[in-house]
Amino acid sequence: MSFEGPFLAVDWGTTNRRVFLIEDGRVVRTERDDRGVTAVEDFSAEALAIRERFGDLPMLLAGMVGSNIGWRPAPYVAAPAGVAELAAALLWIDARTAIVPGISTLVSGRPDVMRGEEVQLLGAVAAGLVPADSLLAQPGTHCKWVEMQGGKVADFVTAMTGELFALLRRHGLLAAQLGGEVTLGDAFREGVEDGKRQDLAALLFGIRAAKMLGRRDDADAASYASGLLIGSDVSARLATTGHDTVHILADPGLGGLYAAAIQAHGRNAYLIDSHAAFVAGINEIVRQ
């Protein structure tokens, strides 16, 4: 089967999904919805519905659709891995539908996996958005820190930063204090600075103590907690790398928070368009 001509690319995550209609390497139509893999029972029917809306075209899928909670598990490719390794290991559902594999690592002796992020990472290099040798960060529920070497994913670390923040906001001692909006201001920057101390558990309890002693308004508590978690994550990662620059694949809101934390460590930070990187990665997989 060939992807020559128009085709469909689907970035299919746990809770959300984005469909791209690509012609001559360019996106001519896109659609985002909340039909992530946890909302789908019949993936064949979903693929048919996508084709009914976008055209009866070949389809390349990436993300959690290839996990054990998705359509069918697509085995991981071991790092170091590039576009060629992903293209050679596509999982074919049928003659017109394939899933991109994830990437695993044991390079540093610590097991880690990614699924979906690999397309953006390799696409960012393919599109010339980042150097072939670089440090990339992909903030989110689970933040990926990725060492790129020679245009390949050489090694990576996943931090549950976003998930920890969400859990703190919903459950436990601090939940009532963390309902405010997170903004890039003094409270967030204070949290980043405290995060450098690498004493996260004690500093989190300090949010409660600050309320009891009248040292911080609850309106600032969420921003401080976010700064503390992101600051701790950034501090741990930058302590083990010699890169002076971090390229961030994220939306401007969350990406801006990480950029501020990285800059607080005296490093440079640049935001990269994650959607452009995904499309570039899909196009490069198709090309190879």
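You'll find the structure just up there.
Please read these numbers as outputs of a predicted model, since none were measured by experiment.

With that settled, consider the pattern of salt bridges. The final tally for this structure, using the stated rule, is 13 salt bridges. As a salt-bridge pair, D56 and R96 come within 2.9 Å of each other at their nearest N and O atoms. Highlighted residues: D56 in the loop between helix 1 (43-54) and strand 4 (59-63) and R96 in the loop between strand 6 (91-94) and strand 7 (97-99), separated in sequence by 40 residues. Judged by relative accessible area, R96 falls into the partly exposed class, the value being 30%. With a shortest N-O distance of 3.1 Å, K196 and E193 are connected by a salt bridge. Judged by relative accessible area, K196 falls into the partly exposed class, the value being 29%. Judged by relative accessible area, which is 40%, E193 ranks as partly exposed. Overlapping salt bridges, with partners in common, bring together R17, D33, R35 and E46 in one network.

Of all the residues in helix 5 (residues 186-195), the buried ones are A187, F188, G191, V192, D194 and G195. Looking straight down helix 5, one finds its buried side chains confined to an arc of 165°; they lie on one side. Of the surrounding elements, those touching the buried residues of helix 5 are helix 6 (200-212), helix 7 (221-238) and helix 8 (252-263).

Let's shift gears to the environment of W92. Structurally, the position occupied by W92 is in strand 6. Here W92 falls in the partly exposed class, since its relative accessible area comes to 37%.

This part covers the pairing of strand 10 (residues 134-138). The element strand 10 is extensively covered by neighbouring structure, given that 5 of its 5 residues are classed as buried. Here strand 10 shows no split at all, with S134, L136 and Q138 on one side and L135 and A137 on the other all buried. Sheet topology places strand 10 next to strand 11 (residues 143-149); 5 bridges connect them, and they run antiparallel. Bridging across to strand 11, A137 finds its partner in W145.

We now examine unusual backbone geometry. A79 connects to P80 through a cis peptide bond whose omega is 0°. Position of P80 among the secondary structure elements: in the loop between strand 5 (77-78) and helix 2 (83-88). If you check the backbone angles, D24 has positive phi at about 55° while not being a glycine. Its place among the elements puts D24 in the loop between strand 2 (17-23) and strand 3 (26-33). On the accessibility criterion, D24 (72% relative accessible area) is exposed.

The next thing to look at is the nonpolar core. Counting residues in hydrophobic clusters, the biggest one holds 36 residues, and the most contacted among them are V153 and I285. Of all the secondary-structure elements, those providing two or more residues to this core are strand 1 (7-12), strand 2, strand 4, helix 2, helix 3 (117-126), strand 11, strand 12 (152-159) and helix 9 (274-287). Setting aside residues no more than four positions away along its own chain, V153 makes contact with A79, P80, A81, I103, M114, L121, L122, V146, E147 and M148. Ranked by size, the runner-up nonpolar core spans 20 residues in total, among them L8, V37, F43 and W71.

Another point: helix 3. Counting buried positions along helix 3 gives 9 out of 10 residues, so the element sits mostly inside the fold. For helix 3, the complete set of buried residues consists of E117, E118, V119, Q120, L121, L122, G123, A124 and V125. Of the residues trailing helix 3, G128 is marked for its positive phi of about 75°.

Where helix 5 meets helix 7, the axes come as close as 6 Å, and the angle between the chain directions of the two elements is 35°. Regarding helix 5 and helix 7, the two cross each other, and that crossing is right-handed. Touching A187, F188, E190, G191, V192, D194 and G195 of helix 5 are S223, Y224, S226, G227, L228, I230, G231, S232 and S235, all from helix 7. Of the residues contributing to the contact of helix 5 with helix 7, the split by class is 6 nonpolar, 8 polar and 2 charged.

On to the pairing of strand 13 (residues 245-249). In terms of residue burial, strand 13 counts as a mostly covered element, since 4 of its 5 residues are buried. Examined bridge by bridge, strand 10 and strand 13 share 3 bridges and lie parallel to one another. Each residue of the ladder has a partner; that of A137, found in strand 13, is I248. Where strand 13 lies against strand 14 (residues 268-272), 5 bridges are found, and the strand directions are parallel. Looking at the pairing, I248 lines up with L271 of strand 14. Remark: the strand 13/helix 8/strand 14 crossover connection has right-handed handedness.

Criteria and cut-off values
- Residues numbered from 1 in each chain as written.
- Predicted model: local features only at pLDDT ≥ 70, side-chain atom pairs only at ≥ 80, totals over all residues.
- Heavy atoms only, no water.
- Salt bridge = Lys/Arg side-chain N within 4 Å of Asp/Glu carboxyl O.
- Helix = DSSP H or I, 4+ residues; strand = E, 2+ residues; numbered from the N terminus.
- Buried < 20%, exposed > 50% of the residue type's maximum accessible area, 1.4 Å probe, protein only.
- Arc of directions from axis to C-beta.
- Contact = heavy atoms within 4.5 Å.
- Pairing = 2+ DSSP bridges.
- Core = buried A, V, L, I, M, F, W, Y, C linked by side-chain atoms within 4.5 Å.
- Axes fitted to C-alpha atoms, helices over the stretch in contact; angles between N-to-C directions.
- Left-handed = near helix turned anticlockwise from the far one by under 90°.
- Nonpolar A, V, L, I, M, F, W, Y, C, P; charged D, E, K, R; others polar.
- Right-handed = clockwise from strand over helix to strand, strands pointing away.

In short, shape yes, function no, at least from these values alone.
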